[in-house]
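# Overview (structure and organization)
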Amino acid sequence: WGWNNSGILGDGTTTNRLTPVQVLGPGGVGFLTGITAVSTGYYHPIALKNDGSVWAWGNNIYGQLGDGTNTDRWTPVQVLTGASGCSTYLCNITAIAGGESHSLALKNDGSVLAWGWNGFGQLGDGTLTNRYTPVATTGLCPVNPLSIEPFFGETGTLKLIIIYPNPSTEGISIEYTVASEAG
């Protein structure tokens, strides 16, 4: 519920809501179910289903929904495969995270995929090119991390925390600086 700019509530409208609404299913049919995790970017929620697929809706100006377009979506669309190695849609995902205008996904093999705005290199693919479908990040060792979490530092630096399992503790957090306002 709340502000529904760009259809971020996923109810098929851009009408602001004062009470909770259920997110519609693909194409506005039924409801989105089987969700195990939700994350939000600036104006785009993303959801992870129990089958390892990823769904997104809302603002898509930079391709952050991963559907190959820059068209805003008022109901969920499934993220396309991109560089993930799946046939048509992203698959085998274990964690998701929404950045300001980009999205991240962690595959079950420990690799990290990213898509959307890349103005500061935040997708980690070695370019400044916006991506409308997932691309593989470079330079991260796939060590089966538990989760990924983007955040902005005090100086406007975009950072990515990757939490790796450690048998003697709950996890080890490794912080990567992905991009900064200075470039």
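This write-up is about the structure you can find in this document. Quantities reported herein were computed from a predicted structural model and do not represent experimental measurements.

## Some words on the nonpolar core
- The biggest cluster of nonpolar side chains holds 13 residues, and the ones touching the most others in it are V54, V79, L90, I93, I96 and W115.
- Broken down by secondary-structure element, the contributors of at least two residues to this core are β2 (45-49), β3 (54-58), β5 (93-98) and β7 (112-116).
- Not counting residues within four places of it along the chain, the set of residues in contact with V54 comprises A47, L48, V77, Q78, V79, L90, I93 and I96.

## So, the state of the cysteines
- A complete count under the given rule lists one disulfide for this structure.
- Between C86 and C91 runs a disulfide, and the two sulfur atoms are separated by 1.9 Å. Measuring handedness by torsion sign, the sulfur bridge of C86 and C91 sits at about -90° and is left-handed.
- Note on C91: relative accessible area 22%, which makes it partly exposed.

## Let's talk about the sheet that holds β3
- Spatial strand order, β1-β2-β3-β4: four strands in an open sheet with antiparallel pairing. Among the strands making up the open sheet, the edge pair consists of β1 (35-40) and β4 (73-78). Taken pair by pair, the neighbouring strands of this sheet meet at an average axis angle of 20°, ignoring direction.
- Pairing of β2 with β3 involves three bridges; the strand directions are antiparallel.

## Details of the side chain of S6
- Structurally, the position occupied by S6 is in the segment before β1.
- Side chain to side chain, S6 and D72 meet in a polar contact 3.5 Å long.

## Focus on the sheet that holds β7
- Ordered by their spatial adjacency, four strands build an open sheet running β5-β6-β7-β8, and the pairing between neighbours is antiparallel. Unpaired on one side and paired on the other, β5 and β8 (131-136) mark the two borders of the sheet. Taking the axes of each pair of neighbouring strands and ignoring which way they run, one obtains an average angle of 20° across the sheet.
- Bridge count for strand β6 (residues 102-107) against β7 is five bridges, and the pairing is antiparallel. Looking at the pairing, L106 lines up with V112 of β7.

## Concerning the environment of R73
- For R73, the location among the structural elements is in strand β4.
- A relative accessible area of 25% places R73 in the partly exposed class.
- Beyond its immediate chain neighbours, meaning those up to four positions away, R73 contacts S6, G7, W57, G58, L65 and D67.
- Within the structure, the side chain of R73 is placed 2.8 Å from the side chain of D67, a separation counted as a polar contact.

What counts, and where the lines are drawn
- Residues numbered from 1 in each chain as written.
- Predicted model: local features only at pLDDT ≥ 70, side-chain atom pairs only at ≥ 80, totals over all residues.
- Heavy atoms only, no water.
- Core = buried A, V, L, I, M, F, W, Y, C linked by side-chain atoms within 4.5 Å.
- Buried < 20%, exposed > 50% of the residue type's maximum accessible area, 1.4 Å probe, protein only.
- Helix = DSSP H or I, 4+ residues; strand = E, 2+ residues; numbered from the N terminus.
- Contact = heavy atoms within 4.5 Å.
- Disulfide = S-S within 2.5 Å.
- Pairing = 2+ DSSP bridges.
- Axes fitted to C-alpha atoms, helices over the stretch in contact; angles between N-to-C directions.
- Polar contact = N/O pair within 3.5 Å; in protein donor to acceptor, adjacent residues only side chain to side chain.

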